[in-house]
Amino acid sequence: MPPPPSPQAPADVAQRVRALREDIARYDHAYYVLDAPLLPDADYDALYAELQRLEQDWPDLRSAESPTQRVGGSALPGFAAVRHALPMLSIRTETDTTPQGARAFDQRLRHRLGLDEDAPALQYQAELKFDGLAISLRYEQGVLVLGATRGDGETGEDVTQNVRTIRNLPLRLRGSVPPVLEVRGEVVMRRADFLRYNEQQRARGLATLVNPRNGAAGSIRQLDPRIAAQRPLAFYAYGWGEIAGWQGQPDTQHAMLDAFAAMGFAVAAQRAHGAGPEVLVDFHARILGERDRLPFDIDGVVYKVDSLELQRRLGARNREPVWALAHKYPPQERSTRLLAIDVQVGRTGKLTPVARLEPVFVGGVTVTNATLHNEDEARRKDVRIGDTVIVRRAGDVIPEIVGVVAERRPPGAVPFDLQALLHGSCPVCGSQIEREAEEVDWRCSGGLYCAAQRKQALLHYAGRLAMDIEGLGDKLVDQLVDGGLLRALPDIYALRAEQLAQLPRMAEKSAAKLVQAIRDSLHTTLARFIYALGIRHVGEATAKDLARHFGALQPLLDADLLRLEQVPDVGPVVARSIHTFFAQEHNREVLQQLLAAGVHWDEVAAPPREQPLLGCTFVLTGTLPTLGREQARARIEAAGGKVSGSVSRKTRYVVVGAEAGSKLDRARELGVELLDEEALLRLLAQGGEA
Ligand code: IVH
């Protein structure tokens, strides 16, 4: 039987689909190009979902220009070659980085055009020189049909699928458009997007992108468009290729870019046009000052003759247009030598390896330090002391090491090992350093004592949910620590009103009030005090559980991992964190000092929960008549017992069910006491000897 012909969508559905596509394209443009969203995300999502649904229900309405089709298709075996209708040229680069560069350019052009001294000034346009990947986009009847890389200028690669995933690029042009239009420009990854992307990768322990340019180029050259779609890219228009049938085509460079903006393209706001080379000189100076604040990387500015007629007359030489010039800025990446690796301790105890570098001028400043982020990343990049490394500094962010020049590695350089470098202890306070299984960062465990964590510890300690010292906020903590009045937590209780009143912006009355608040806070609860210590993973709820479970501070201090894990919601990670914290001699000293200063609380009312089977190890074998294996385990653990997988001399009881196996033999061999389910239940109920 032939398949049923796919039904044709009714006119009103087709109408609705058209309207949705237009609206969504308009919202995308407002959101991605103009940075001015027109409606809340949820409303947008609803319209998008409606369109997706209609297209699913009515296959005849599907179309490549639909905003739902930005991510479609599957991985390609390779890219097809595309011959450019007009070659993609490069630009001559001015090596003179002084303002002279622009003036010499003007002189050359005037000479070439046979203009004498009295002839009027030439009109120019100045633009940013984007540091990304050049792309040519072909639109036929206003619809994107092809996206191609530059390649060798004559032939590039068909990257249409990936280019479609760029959210700020129109799939259909707006307004009345020529039948054929090729718009050229640069695909970039904005710096904020690049940093966010790398941050996410780092948190997951995955490889990061080297720089935004590689990020853009690598994403566009992904054979799987779904990967490209996950990379946050943007396109900026600055030129064009083939154009056919454009009635009323503008006759200047700047008006062309304005026309592209009106069609829906992003065009950089940073442009200038006017008469004579001084416009260019000023632009060069202005953009140099703004460079760090631009949302994307640039490596210079580009000067262009504004009149298209003059551009045609001047033509190209050696694949470079005579009418354009690139004027570069100092590079944002340079190589230098890695002299040493230090480790910084952040205010939350996080350890960050920092590279000490032979001073190098990069991104407009002299750089001597660069972050390595964390141990894994330093290892992935295989950064070793003595290496020649590539340093990147772009925007107002901390310089970072992006890679190593492998062939310049000195003999004997060893892989980076943070723990070995620090001999296992915090470089600031000497406490033990630790790294949890799922985490990328090493941390100092001396939270109460470590000078690097002092401000954070004080703020947390004084917080509303902790000791609740009203008036001790971050500005005052800064003042007190920086002024040397607070060196450690217990110093809070030595503060006197006269001292505080000496501080700038501190009235006598507020000083007295603060001292009173500190005194009042001495009477607290055990839960608040535990929470106030700022133990990693111990939030307010866990602190309450710990207080309830242990009833007093000393048993908590003495608890081993096993005991800690018996507290509700405390798993191995939290237990380890608590245990390591209290194992630090310095933390304990601070604790004693706080108690000596008068911190106290009422006895916790509820007695600690019974743990009758504490220290008893059980082994389960065979099938029990009513209890499932997990149930049995949970009941035993709730009573403080432990369940192990194999029988040894340490086993206290073996619980035997039907079809018990070799564990039963082993138990008999060792003379371990045997229980059936009934006996186990009795034991649990009476909480003692069987
Ligand atoms: S115009 C007619 N304008 O610089 C000359 N190029 O070597 C064609 N670039 O690969 C280019 N910003 O990727 C032009 N505002 C700009 C540019 C720009 C960056 C890149 C382009 C090309 C290289 C030129």
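Up top is the structure these notes are about.
Residues numbered from 1 in each chain as written. Predicted model: local features only at pLDDT ≥ 70, side-chain atom pairs only at ≥ 80, totals over all residues. Heavy atoms only, no water.

## What to know about the overall build of the chain
Counting secondary structure elements, the chain contains 25 helices and 26 strands. Taken over C-alpha atoms, the radius of gyration comes to 35 Å for the chain, far larger than the 26 Å a tight globule of 690 residues would show. Dimensions of the chain along its principal axes, counting C-alpha atoms only, are 105 × 90 × 60 Å. In the chain, which comprises 690 residues, the share counted as buried stands at 47%. Across the chain, every contact between residues at least 6 apart in sequence was considered, and the portion connecting residues at least 24 apart equals 68%. (Helix = DSSP H or I, 4+ residues; strand = E, 2+ residues; numbered from the N terminus. Rg over C-alpha atoms; globule rule 2.2 N^0.38 Å. Buried < 20%, exposed > 50% of the residue type's maximum accessible area, 1.4 Å probe, protein only. Contact = heavy atoms within 4.5 Å.)

## A word on the pairing of strand 4 (residues 133-140)
On any regular strand, side chains alternate: one points to one face of the sheet, the next to the other face. Judged by how many residues are buried, strand 4 sits mostly within the fold: 7 of 8 residues are covered. Looking at chain direction, strand 4 and strand 7 (residues 180-188) are connected through 8 bridges and run antiparallel. In the sheet register, Leu133 faces strand 7, and the bridge partner there is Val187. Alignment of strand 4 against strand 5 (residues 143-149), held across 6 bridges, turns out to be antiparallel. Directly across from Ser136, in strand 5, lies its bridge partner Ala148. The hairpin formed by strand 4 and strand 5 contains 2 residues between the paired strands, and Gln141 there has a positive phi angle of roughly 50°. (Pairing = 2+ DSSP bridges.)

## Quick notes on helix 14 (residues 474-482)
What helix 14 keeps buried is the set Leu476, Val477, Leu480 and Val481. For helix 14, the buried positions fall inside an angular range of 125° around the axis, keeping them on one side. Summarising the geometry of helix 14, the exposed residues directed more than 90 degrees from the buried face are Lys475 and Asp482. The inward-facing, buried residues of helix 14 abut helix 13 (454-462), helix 15 (497-501) and helix 16 (508-521). The first or second residue beyond helix 14 is Gly484, which carries a positive phi of 80°. (Arc of directions from axis to C-beta.)

## Quick word on unusual backbone geometry
The backbone of Arg319 sits at a positive phi, close to 65°, despite the residue not being glycine. Along the chain, Arg319 falls in the loop between strand 11 (316-317) and strand 12 (320-321). With a relative accessible area of 44%, Arg319 lands in the partly exposed category.

## Details of the pattern of salt bridges
Across all of its chains, the model carries 47 salt bridges by this definition. A salt bridge links Arg286 to Glu290; the nearest nitrogen and oxygen atoms lie 3.1 Å apart. Remark: Glu290 and Arg286 occur in helix 9 (residues 278-290); sequence separation between them is 4 residues, near one turn of the helix. In this structure Arg286 comes out as partly exposed when scored by relative accessible area, which is 38%. Among the charged side chains, a salt-bridge network with shared partners connects Arg138, Glu140, Glu182, Arg184 and Glu242. (Salt bridge = Lys/Arg side-chain N within 4 Å of Asp/Glu carboxyl O.)

## Concerning the sheet that holds strand 23 (residues 617-621)
Read across the sheet, 4 strands follow the order 24-23-25-26 without closing on themselves; strand pairing throughout is parallel. Both edges of this open sheet fall to strand 24 (642-644) and strand 26 (673-675), since each of them pairs with a single strand only. Here the average twist between neighbouring strands, direction ignored, is 35°. Pairing geometry for strand 23 and strand 24, over 3 bridges, is parallel. Bridged to Val619 within strand 24 is Ser644. Packing of helix 24 (residues 662-670) onto the sheet brings it into contact with strand 23, strand 25 (653-656) and strand 26, and relative to strand 23 it is tilted by some 135°. (Axes fitted to C-alpha atoms, helices over the stretch in contact; angles between N-to-C directions.)

## Some thoughts on the sheet that holds strand 8 (residues 234-244)
What the 4 strands build is an open sheet, ordered 5-4-7-8; its pairing is antiparallel. In this open sheet, the two strands that pair with only one neighbour each are strand 5 and strand 8. The average angle at which neighbouring strand axes cross in this sheet is 25°, direction not considered. Lying over the sheet, helix 8 (residues 253-263) contacts strand 7 and strand 8, oriented at roughly 110° with respect to strand 8.

## Considerations on the nonpolar core
Counting 56 residues, the largest nonpolar core has Tyr461, Ile492 and Phe529 as the members making the most contacts within it. Looking at this core, the elements with two or more residues in it are helix 13, helix 14, helix 16, helix 17 (526-532), helix 18 (540-550), helix 19 (553-558), helix 21 (572-583) and helix 22 (585-596). For this core, the element with the most residues is helix 17, which contributes 6 residues. Once residues lying within four places of it in the same chain are set aside, the contact partners of Ile492 are Leu458, Tyr461, Ile469, Leu472, Leu486 and Ile518. (Core = buried A, V, L, I, M, F, W, Y, C linked by side-chain atoms within 4.5 Å.)

## Points about empty space enclosed by the protein
Inspection of every chain in the model, using the stated rule, returns 4 cavities of 30 Å³ or more. Counted as a void, the largest cavity has a volume near 60 Å³. Together, Gly447, Leu448, Tyr449, Cys450, Gln453, Arg454, Ala457, Leu458, Arg487, Ala488 and Leu489 line the largest cavity. For the lining of the largest cavity, the residue count by class is 7 nonpolar, 2 polar and 2 charged. (1 Å grid on protein atoms, 1.4 Å probe; cavity = no way out; pocket = protein on both sides within 12 Å on 5 of 7 lines; lining within 4 Å. Points joined across faces, edges and corners; volume = space filled by probe spheres on them. Nonpolar A, V, L, I, M, F, W, Y, C, P; charged D, E, K, R; others polar.)

## Comments concerning the pairing of strand 15 (residues 350-362)
As paired strands, strand 14 (residues 333-345) and strand 15 are joined by 7 bridges and run antiparallel to one another. Looking at the pairing, Val343 lines up with Pro353 of strand 15. Joining the antiparallel neighbours strand 14 and strand 15 is a turn of 4 residues, in which Gly349 adopts a positive phi near 95°. Across 2 bridges, strand 15 lies against strand 20 (residues 442-444) in antiparallel orientation.

## Notes on the environment of Arg487
Inspection of the secondary structure assignment puts Arg487 in the loop between helix 14 and helix 15. For the pair Arg487 and Cys450, spaced 37 residues apart in sequence, the C-alpha separation works out to 10.0 Å.

Function cannot be inferred from these measures alone, as they are strictly geometric.
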